[in-house]
2 protein chains.
Amino acid sequence: MKSTPQTYQSAGVSLAEADKAIAGIKTWVESTFNSQVYGKWGHFGGCFAPDLSGIKTPILVSSTDSVGTKLLVAIQAQVHDTVGQDIVNHCVNDILTCGAKPLFFLDYIGIGTLQAPVVEQIVKGIAMACRQNGCVLIGGEMAEMPDIYKIGDYDLVGTIVGIADRDKLINGSSLVPGDILIGIPSNGLHTNGYTLARKVLSKFNLDDRIAGLEGTLGEELLRIHRSYLSLISSILSSVKVKAMAHITGSGLEGNTKRVVPEGMKAVFDWSAWEVPPLFALIQQEGKIEIEEMRRVFNMGVGFVVGCGKDDVDRLLDIARGRGDKPMVVGEITTK
Amino acid sequence: MKSTPQTYQSAGVSLAEADKAIAGIKTWVESTFNSQVYGKWGHFGGCFAPDLSGIKTPILVSSTDSVGTKLLVAIQAQVHDTVGQDIVNHCVNDILTCGAKPLFFLDYIGIGTLQAPVVEQIVKGIAMACRQNGCVLIGGEMAEMPDIYKIGDYDLVGTIVGIADRDKLINGSSLVPGDILIGIPSNGLHTNGYTLARKVLSKFNLDDRIAGLEGTLGEELLRIHRSYLSLISSILSSVKVKAMAHITGSGLEGNTKRVVPEGMKAVFDWSAWEVPPLFALIQQEGKIEIEEMRRVFNMGVGFVVGCGKDDVDRLLDIARGRGDKPMVVGEITTK
């Protein structure tokens, strides 16, 4: 018996489909390019000539993250551009907590079976969000791994590099007892808690309309993680901000804690805002303890800004002037 | 019937195990820190103050990649530090092709069930390789996703940012017909072609000793992707290098093509070196066509350096002086 010659294709890896995907994303990637991109697309490394004018001591601020199992909602709904936007905005918010502005972004897609149209949708979303945040999509990688990911499944990872001036870095170190914590609303679960949310909501369909929710369940679950860059940039230009936190996994307390100096703590007034209906639905369906809810989900507050008492009104005014709904959610006290 | 309250833990995500993993990796991560790290561990973004002294126009060169299904060999062998080194060296080599030196690295581990000891081994490997390449492990992320990854499985993604001076960037643009391509040996499959290799070698066990191979099959398959940084740095300090290519997926021709100017091509003499036994074994077991082998695997050449004819001897001498075995593998011609 003569056996068939093996190929990469017969083992489940299609270089032809990869070429098709690369052709499909090229325009999207290049749509993010600005004058700081150096050289052309397709080299082993993405080259970026940072504009350092006006920066005394440049600090590169970076972060890497993924979308978590929000992906499985996207895969079920066959909508792939929103998660591309999610991952960019998530990373932008992470480095924004230090006061950094995005320079460039790199994406990674690990996928069970490469489908060029799916990759193109993901990268389209990434590119759109990159443009919105003034960020170049400088590089990326697709890896087709049929033995790790199930057919149709993928993981999506993003890495951002931004820049800040050392003297303007914000890290919470100037916080003192009495300082105020202002919460900026989230617009949904953002990208955290989906493994739990999906489990407790599994009896519903994505196109179900549930009392209290604006859109279908699928629309609510796929709402794009908002970017706080534009709002926070406005605030930073006229308010002395002392600390910022992006409310992701481990919730409002767990994340704010990361920027509070030793000997102090953040105390929250959980009655200061109304928890959006989606969180209430999840809590009710899963009979989840309130402490667990607050540890896993953002509960309606996606970003926290800490400032002195005297700056609170000005900060609230700026945010309200932009149509946002900032809330005083807590304060800094001694431990 | 009263149902049990749901928790993140009951949905398959353990924040406690994540805390354990973070405690386990802290020392490894901090072992990579140098004076350019700004601020402390645990913020939302990693802060790095690049030393720009001696650099006229800084270019940030970045790349992101994964280890591919070499991971499944590591998982089967229960060895997790080598893949950590693989991903760092892979990324270091990618940006080295432009002449960039590593500044910092970020890792991402997506995992089915978080096991702190496994994560610690992976990060130990990453940290070791970071130190060897003078690179800081500035950030990272673990995501426990039981609905995407099988129990025991994980994906490992790395992103590197390095720096080069614009006037010293190497991109192949100065290549002319007659220039010579020198191949530097690989030390195994590096991190490419594993989906095919694993398939055709599946009848063997990892601890099998196969005629012609130095170690067990498992040892051969897990050999750490070598870093070319030290060798190439030596070469760059005394030879005018015109182009470099890292031989990964799509092989010697596919990768070298990326740095050859329009109107020219790279012509290889495939008889110039002996293909190592591991590749021959894979080819034989899978009855794989030679063209497919050359497209999928590095075939013994892991890095290519292009230079003028007059520089060849000097380049070969430097590499040989360091115990390496460089080979003239091809030349540049008109198309």
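Please read these numbers as outputs of a predicted model, since none were measured by experiment. (Residues numbered from 1 in each chain as written. Chains lettered and ligands numbered in written order. Predicted model: local features only at pLDDT ≥ 70, side-chain atom pairs only at ≥ 80, totals over all residues.)

**Notes on the overall build of chain A**
Moving on, step 1. Helix and strand counts for chain A come out as 11 helices and 10 strands.
Moving on, step 2. On C-alpha atoms alone, chain A measures out to a radius of gyration of 21 Å, which is about the 20 Å that the 2.2 N^0.38 rule sets for 335 residues.
Moving on, step 3. By principal-axis analysis of the C-alpha atoms, chain A measures approximately 80 × 55 × 35 Å.
Moving on, step 4. By sequence separation, contacts in chain A at least 24 residues apart represent 85% of the contacts at least 6 residues apart. (Helix = DSSP H or I, 4+ residues; strand = E, 2+ residues; numbered from the N terminus. Rg over C-alpha atoms; globule rule 2.2 N^0.38 Å. Contact = placed C-beta atoms within 7 Å.)

**A look at the interface of chain B and chain A**
Moving on, step 1. Every contact between the two is made by 74 residues of chain B and, on the other side, 74 residues of chain A.
Moving on, step 2. Ranked by residues supplied to the side of chain B that touches chain A, first place goes to strand S3 (residues 58-66) of chain B with nine residues.
Moving on, step 3. Relative to S3(B), strand S1 (residues 46-48) of chain A runs antiparallel, the two sharing three bridges. Looking at S3(B), one finds that Cys47(A) is bridged to Val61(B). (Pairing = 2+ DSSP bridges.)

**A closer look at the relation of the copies chain B and chain A**
A rotation about an axis combined with a shift along that same axis relates the two copies of the chain.
Moving on, step 1. With an RMSD of 0.0 Å, the fit of chain B onto chain A corresponds to turning through 180° and sliding 0.0 Å along the axis. Taken together, the rotation and translation relating the two chain copies correspond to the operation of a two-fold axis.
Moving on, step 2. When the interface residues of chain B are mapped onto chain A, 100% of them are again interface residues, pointing to one common binding face. (Least-squares fit on C-alpha atoms with pLDDT ≥ 70 in both.)

**Things to note about the domain arrangement of chain A**
One frequent convention defines the size of an interface as the accessible area lost when the parts assemble.
All names here are of chain A.
Moving on, step 1. Taken as a whole, chain A is organised into domain 1 (15-165) and domain 2 (180-334).
Moving on, step 2. Of note, the centres of domain 1 and domain 2, computed from C-alpha atoms alone, are 24 Å apart.
Moving on, step 3. Facing 23 residues of domain 1, the contacting portion of domain 2 comprises 21 residues.
Moving on, step 4. The element best represented in the side of domain 1 that touches domain 2 is helix H3 (residues 81-96), accounting for nine residues.
Moving on, step 5. Here the residues of the side of domain 1 that touches domain 2 are counted per class, giving eight nonpolar, 12 polar and three charged. (Domains from an automatic or database assignment. Nonpolar A, V, L, I, M, F, W, Y, C, P; charged D, E, K, R; others polar.)

**Things to note about the confidence of the model for chain A**
Moving on, step 1. Summing up the model confidence of chain A, the mean pLDDT is 95 and the portion of residues at 70 or higher is 99%.
Moving on, step 2. Both confidence scores are given for the complex: pTM 0.96, ipTM 0.96. (pLDDT = per-residue confidence, 0-100.)

**A word on the sheet that holds strand S5 (residues 136-144) of chain B**
Moving on, step 1. Here five strands make up an open sheet; going across it, the order is S1(A)-S3(B)-S6(B)-S4(B)-S5(B) and the pairing mixed. Of all the strands in the sheet, just S1 of chain A together with S5 of chain B have a single pairing partner and so form its edges. The sheet shows a mean angle of 15° between the axes of neighbouring strands, direction not considered.
Moving on, step 2. Bridging between S3(B) and strand S6 (residues 154-165) of chain B involves nine bridges; their strand directions are antiparallel. Note that in S6(B) the partner of Ser66(B) across the bridge is Val157(B). (Axes fitted to C-alpha atoms, helices over the stretch in contact; angles between N-to-C directions.)

**Observations concerning the pairing of S6(B)**
All names here are of chain B.
Moving on, step 1. Among the 12 residues in S6, 11 count as buried, and that is most of the element.
Moving on, step 2. As paired strands, strand S4 (residues 101-111) and S6 are joined by 10 bridges and run antiparallel to one another. By the bridge assignment, Tyr 108 is partnered in S6 with Val 157. (Buried ≥ 20, exposed ≤ 12 C-beta atoms within 10 Å, placed from the backbone.)

**Let's talk about the sheet that holds strand S9 (residues 264-268) of chain B**
Picture the strands of a sheet paired through backbone hydrogen bonds; they go either parallel or antiparallel.
Residue and element names in this part refer to chain B.
Moving on, step 1. The antiparallel open sheet is built from five strands, whose spatial order is S8-S10-S7-S11-S9. Looking at the sheet topology across the chains shown, the edges are occupied by strand S8 (241-246) and S9. Going across the sheet, the axis of each strand differs from the next one's by a mean of 25°, ignoring polarity.
Moving on, step 2. Alignment of strand S7 (residues 180-185) against strand S11 (residues 327-334), held across four bridges, turns out to be antiparallel. Opposite Leu 181, over in S11, you have Gly 330 as the bridge partner.

**Here's the deal with the nonpolar core**
Moving on, step 1. In this structure, Phe105(A), Val304(A), Phe105(B) and Val304(B) are the most contacted members of the largest nonpolar core, which totals 209 residues.
Moving on, step 2. Sort the elements by how many residues they give to this core and helix H4 (residues 116-132) of chain A lands first, with eight residues.
Moving on, step 3. In contact with Phe105(B), not counting residues within four places along its chain, are Val88(B), Cys91(B), Cys130(B), Cys135(B), Leu137(B), Ile138(B), Gly158(B), Thr159(B) and Ile160(B). (Core = buried A, V, L, I, M, F, W, Y, C linked by C-beta atoms within 7 Å.)

**Comments concerning helix H1 (residues 15-30) of chain B**
Along an α-helix, residues three or four positions apart point the same way, because every turn accommodates 3.6 residues.
All names here are of chain B.
Moving on, step 1. Along its 16 residues, H1 runs 22 Å from first to last C-alpha, staying within 8% of the 22 Å computed at 1.5 Å per residue.
Moving on, step 2. Of all bends in H1, the biggest is about 30°, found at Gly 24.
Moving on, step 3. By the burial criterion, the buried members of H1 are Ala 21, Ile 25, Trp 28 and Val 29.
Moving on, step 4. The elements touched by buried residues of H1 are helix H4 (116-132) and S5. (Expected span 1.5 Å × (residues − 1). Bend = angle between axes of the 7 residues up to and from the residue.)

**Details of the pairing of strand S10 (residues 301-307) of chain B**
All names here are of chain B.
Moving on, step 1. With seven of seven residues buried, S10 lies mostly within the body of the structure.
Moving on, step 2. Relative to S10, S7 is paired through six bridges, and the arrangement is antiparallel. From the neighbouring strand, Ile 182 faces S10, where its bridge partner is Val 305.
Moving on, step 3. With five bridges connecting them, S8 and S10 associate as antiparallel partners. Each bridged residue has a counterpart across the sheet, and for His 246 the counterpart in S10 is Phe 303.

**Looking at the environment of Thr191(B)**
All names here are of chain B.
Moving on, step 1. Looking at the secondary structure, you find Thr 191 in the loop between S7 and helix H5 (194-200).
Moving on, step 2. As for Thr 191 and Gly 249, which are separated by 58 residues in sequence, their C-alpha atoms are 8.4 Å apart.
Moving on, step 3. Those residues in contact with Thr 191 that lie beyond four places of it in its chain are Val 67, Gly 68, Lys 70, Asp 86, His 90 and His 225.

**Comments concerning unusual backbone geometry**
Moving on, step 1. Despite not being glycine, Ser250(A) has its phi angle at roughly 90°, a positive value.
Moving on, step 2. Note that Ser250(A) resides in the loop between strand S7 (241-246) and helix H8 (251-256).
Moving on, step 3. The class for Ser250(A) is partly exposed, based on 18 C-beta atoms found within 10 Å.
Moving on, step 4. We note that Gln78(B) has phi near 55°; this positive angle belongs to a residue other than glycine.
Moving on, step 5. Its location among the elements puts Gln78(B) in the loop between helix H2 (70-77) and helix H3 (81-96).

**Structural notes on the packing of helix H7 (residues 229-236) of chain A against helix H11 (residues 312-321) of chain A**
Residues and elements named next belong to chain A.
Moving on, step 1. Interaxial distance between H7 and H11 falls to 10 Å at its minimum, and their mutual angle equals 140°. Viewed along their axes, H7 and H11 adopt a mutual orientation that is oblique. Considering the relative orientation of H7 and H11, their crossing is right-handed. For the pair H7 and H11, the contacting residues are Leu 231, Ser 234 and Ile 235 in the first and Leu 315, Ile 318 and Ala 319 in the second. (Parallel < 35°, antiparallel > 145°, perpendicular 65-115°, else oblique. Left-handed = near helix turned anticlockwise from the far one by under 90°.)

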